[in-house]
Amino acid sequence: MESGTGRVVSGYRPSGRLHLGHYHGNLKVMTNLQKMRDCYFFVADWHALTTEYRDTSMLWTYTQEMVLDWLAAGLDPGVCTIYRQSDIQAIPELMLYFSMIISLGELERCPTYKQQLRELDERVVNTYGFLGYPVLMAADILIVKGEEVPVGEDQIPHLELTREIARKFNMLYGSIFPEPRPILSKVPRIPGTDGRKMSKSYGNYIDLMDEEEVIRQKVRKMITDPARVRRSDKGHPEVCSVFDLYRAYPNMVSSEERARECRMAKIGCTACKDEIAKVIADDLSPFKERRKTLYSDESVVAQILSDGAKKVKLIASETLEEVRRSVKIARV
Ligand code: TRP
């Protein structure tokens with residue numbers, strides 16, 4: 001996985017406080033990668049606008065909360081570069097060139113686009129900007145010539161489009177962009193408390209600041225193996241979403257051992273749930289401590305973002321100069 005040497009880049013839409021799904025999915029990958037690679041992590045506030053353009057009042061609050069969660073989770077601005085998309089004005093110019101060469105059909109066929117169009121309010125997302133979501137994402141990545149992108153599985157189609165855009169640009173104007181590859185988390189996806197993907201909008205998430213008691217209550221409500229009605233019935237961990245939680249903590253608890261006990265009906269679902277709730281809470285406790293101390297310092301995020309922007313602007317303007325020369329749109 002950590003085989004490359006080029007830049008690593010990833011962004012999060014500012015949706016406020018992060019939850020356990022983010023923590024295990026991507027954030028752990030990012031905190032590990034920062035030690036080994038040249039990493040660029042940014043707040044994708046323009047991307048937030050593609051769906052939330054009607055009410056933008058919370059953007060800055062959400063940005064701050066998210067960056068503080070990143071810091072508490074271990075991202076270190078002394079080691080990686082943390083910035084805000086909207087500070088880098090070269091990004092929309094790069095997006096403009098990309099929007100000339102990507103075909104409408106490719107954007108319309110993008111599975112995430114089709115799915116979101118079905119799931120979200122069509123009157124809101126039936127826009128040019130929303131269709132162009134992956135084009136903006138390609139510009140985010142390629143403005144710093146990112147080679148690898150830690151993302152969730154749902155972003156894979158967007159990265160395919162990024163590669164397609166890079167290929168097409170390179171073919172038309174000369175080879176200047178890498179074709180970025182995804183880096184996926186090895187931990188299986190953390191289920192939400194209703195078994196669906198953990199998501200803020202489904203209201204099925206474990207908040208990173210939840211106290212142990214709250215985590216226990218949430219886990220207790222989870223549906224386990226439906227075939228296991230009585231305590232003495234043998235369980236099937238492979239169909240149980242509580243078991244998926246166990247698999248996210250290989251260093252703290254043995255999921256094989258737990259699976260065996262479940263299959264032999266040696267442990268009941270309530271005890272099993274309470275145990276993993278405690279593991280989750282214990283694992284989160286250093287995060288919570290750090291997050292509480294960071295909370296008191298208001299200016300910290302603004303400073304980090306401004307330092308990050310300074311650095312990324314230099315790289316971005318170099319890339320843009322190169323692009324302008326290649327497209328022959330440069331000043332004569
Ligand atoms: N689309 C990503 C998400 O919803 C956010 C994002 C925007 C991103 N630009 C990016 C991720 C560039 C990686 C690289 O999670």
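The structure under discussion appears in the preceding block.
Right, let's walk through the structure included here. Bear in mind that the values here come from a model prediction, so they are computed numbers and not experimental data.

1. Looking at the pattern of salt bridges
Stage number 1. In total, this model carries 26 salt bridges according to the counting rule given.
Stage number 2. A salt bridge links Arg 17 to Asp 207, with the shortest nitrogen-to-oxygen separation between them at 2.5 Å. Of this pair, Arg 17 sits in the loop between strand E1 (8-12) and helix H1 (20-36) while Asp 207 sits in the loop between strand E5 (181-183) and helix H11 (212-220); the two residues are 190 residues apart in sequence, bridging distant segments of the chain.
Stage number 3. In this structure, Glu 148 and Arg 37 form a salt bridge, with 2.7 Å as the shortest nitrogen-oxygen distance. With a gap of 111 residues between them, Glu 148 in strand E4 (residues 148-150) and Arg 37 in the loop between H1 and strand E2 (39-43) connect regions that are remote in the sequence.
Stage number 4. By relative accessible area, Glu 148 is classed as buried at 4%.

2. As for the packing of helix H3 (residues 59-73) against helix H14 (residues 269-295)
Stage number 1. The geometry of H3 relative to H14 is characterised by a closest axis approach of 8 Å and an angle of 130 degrees between their N-to-C directions. Relative to H14, H3 is oriented oblique. Two packed elements cross with a definite hand, and for H3 against H14 that hand is right-handed. Residues Glu 65, Leu 68, Asp 69, Leu 71, Ala 72 and Ala 73 of H3 lie in contact with H14, whose contacting residues are Phe 287, Arg 290, Arg 291 and Leu 294.
Stage number 2. Partitioning the contact of H3 with H14 into residue classes produces 6 nonpolar, no polar and 4 charged.

3. Section: the packing of aromatic side chains
Stage number 1. Counting across every chain of the model gives 8 aromatic pairs.
Stage number 2. Summarising the aromatic geometry, the rings of Tyr 23 and Phe 287 are spaced 5.9 Å apart at their centres and angled 70 degrees between planes, so their arrangement reads as edge-to-face. Residue Tyr 23 is found in helix H1, and its partner Phe 287 is found in helix H14; the two are separated by 264 residues along the sequence. The same class applies to Tyr 23 and to Phe 287, which are both buried.
Stage number 3. Where Phe 98 meets Phe 169, the ring centres are 6.1 Å apart and the plane angle is 80 degrees; that geometry is what we call edge-to-face.

4. A few points about the side chain of His 24
Stage number 1. Tracing the sequence through the fold places His 24 in helix H1.
Stage number 2. Among the residues examined, His 24 registers a relative accessible area of 2% and is labelled buried.
Stage number 3. Ignoring any residue separated from it by four or fewer positions in sequence, one finds His 24 in contact with Ser 185, Val 187, Ile 190, Ala 248, Tyr 249 and Asp 283.

5. Regarding the nonpolar core
Stage number 1. Within the largest apolar cluster, 52 residues are counted, with the highest numbers of intra-cluster contacts made by Leu 20, Leu 27, Trp 70, Ile 82, Val 219, Ile 276 and Ile 280.
Stage number 2. Those elements that provide at least two residues to this core are E1, H1, E2, H3, H11, helix H12 (241-247), H14 and helix H15 (300-327).
Stage number 3. Setting aside residues up to four positions removed in sequence, Ile 276 forms contacts with Val 219, Val 242, Leu 245, Tyr 246, Tyr 249 and Val 253.
Stage number 4. Residues Ile 101, Val 124, Ala 138 and Leu 159 belong to the second largest nonpolar core, which totals 46 residues.

6. Things to note about the site of the ligand
Stage number 1. Taken together, 13 residues form the shell around the ligand, and within it Arg 13, His 47, Tyr 133, Asp 140 and Gln 155 come nearest.
Stage number 2. Note that a nitrogen atom of the ligand is positioned 2.7 Å from one of the side-chain N or O atoms of Asp 140.
Stage number 3. With the chains in place, 92% of the 370 Å² that the ligand exposes on its own is no longer accessible.
Stage number 4. Put simply, the parts of the chain that give the shell around the ligand at least two residues each are E1 and helix H9 (133-143).
Stage number 5. At 4 residues, the largest contribution of residues to the shell around the ligand is made by H9.

Parameters and conventions
Sequence order as written defines residue numbering, which begins from 1 separately in each chain. Reporting in this predicted model follows two pLDDT cut-offs: at least 70 for local features of residues, and 80 or more for side-chain atom pairs to be given and counted; totals over whole chains, interfaces and linings ignore these cut-offs and use all residues. For the side-chain quantities, the full set of heavy atoms in the structure was used; hydrogens and water were omitted. The working definition used for a salt bridge is a side-chain nitrogen of Lys or Arg within 4 Å of a carboxyl oxygen of Asp or Glu. Each helix is a run of H or I in the DSSP string that is no shorter than four residues. Each strand is a run of E no shorter than two, and both are numbered from the N terminus. Only protein chains enter the area calculation, which uses a 1.4 Å probe; residues under 20% of their type maximum are buried, those over 50% are exposed, and those in between are partly exposed. Helix axes use the C-alpha atoms of the stretch in contact, all axes being lines fitted to C-alpha atoms, and the angles between their N-to-C directions lie in the range 0 to 180 degrees. Any angle that is under 35 degrees is reported as roughly parallel, and any over 145 degrees as roughly antiparallel; angles of 65 to 115 degrees are reported as roughly perpendicular and all others as oblique. Crossing handedness is read from the near helix: turned anticlockwise from the far helix by less than a right angle, it gives a left-handed crossing, and turned clockwise, a right-handed one. When checking whether two residues touch, look at their non-hydrogen atoms; a contact exists if any pair is within 4.5 Å. The nonpolar class holds Ala, Val, Leu, Ile, Met, Phe, Trp, Tyr, Cys and Pro. Asp, Glu, Lys and Arg form the charged class, and all remaining residues, Gly among them, are polar. In summary, the pairing rule links any two rings of Phe, Tyr or Trp, Trp by its six-membered ring, whose centres are within 6.5 Å, and it sorts them by plane angle into stacked for under 30 degrees, edge-to-face for over 60 and tilted for everything else. Here, nonpolar core means buried Ala, Val, Leu, Ile, Met, Phe, Trp, Tyr and Cys residues that are tied together by side-chain atoms lying within 4.5 Å of each other. Near residues are defined by distance, with any heavy atom within 4 Å of the molecule or strand qualifying the residue. Residues adjacent in sequence count toward polar contacts only when both atoms are side-chain atoms; beyond that, a polar contact is any pair of N or O atoms within 3.5 Å, and within protein one must be able to donate a hydrogen and the other to accept it. Computed with a 1.4 Å probe, the accessible areas rest on the Shrake-Rupley method; for each residue, only the protein chains presented here act as cover.

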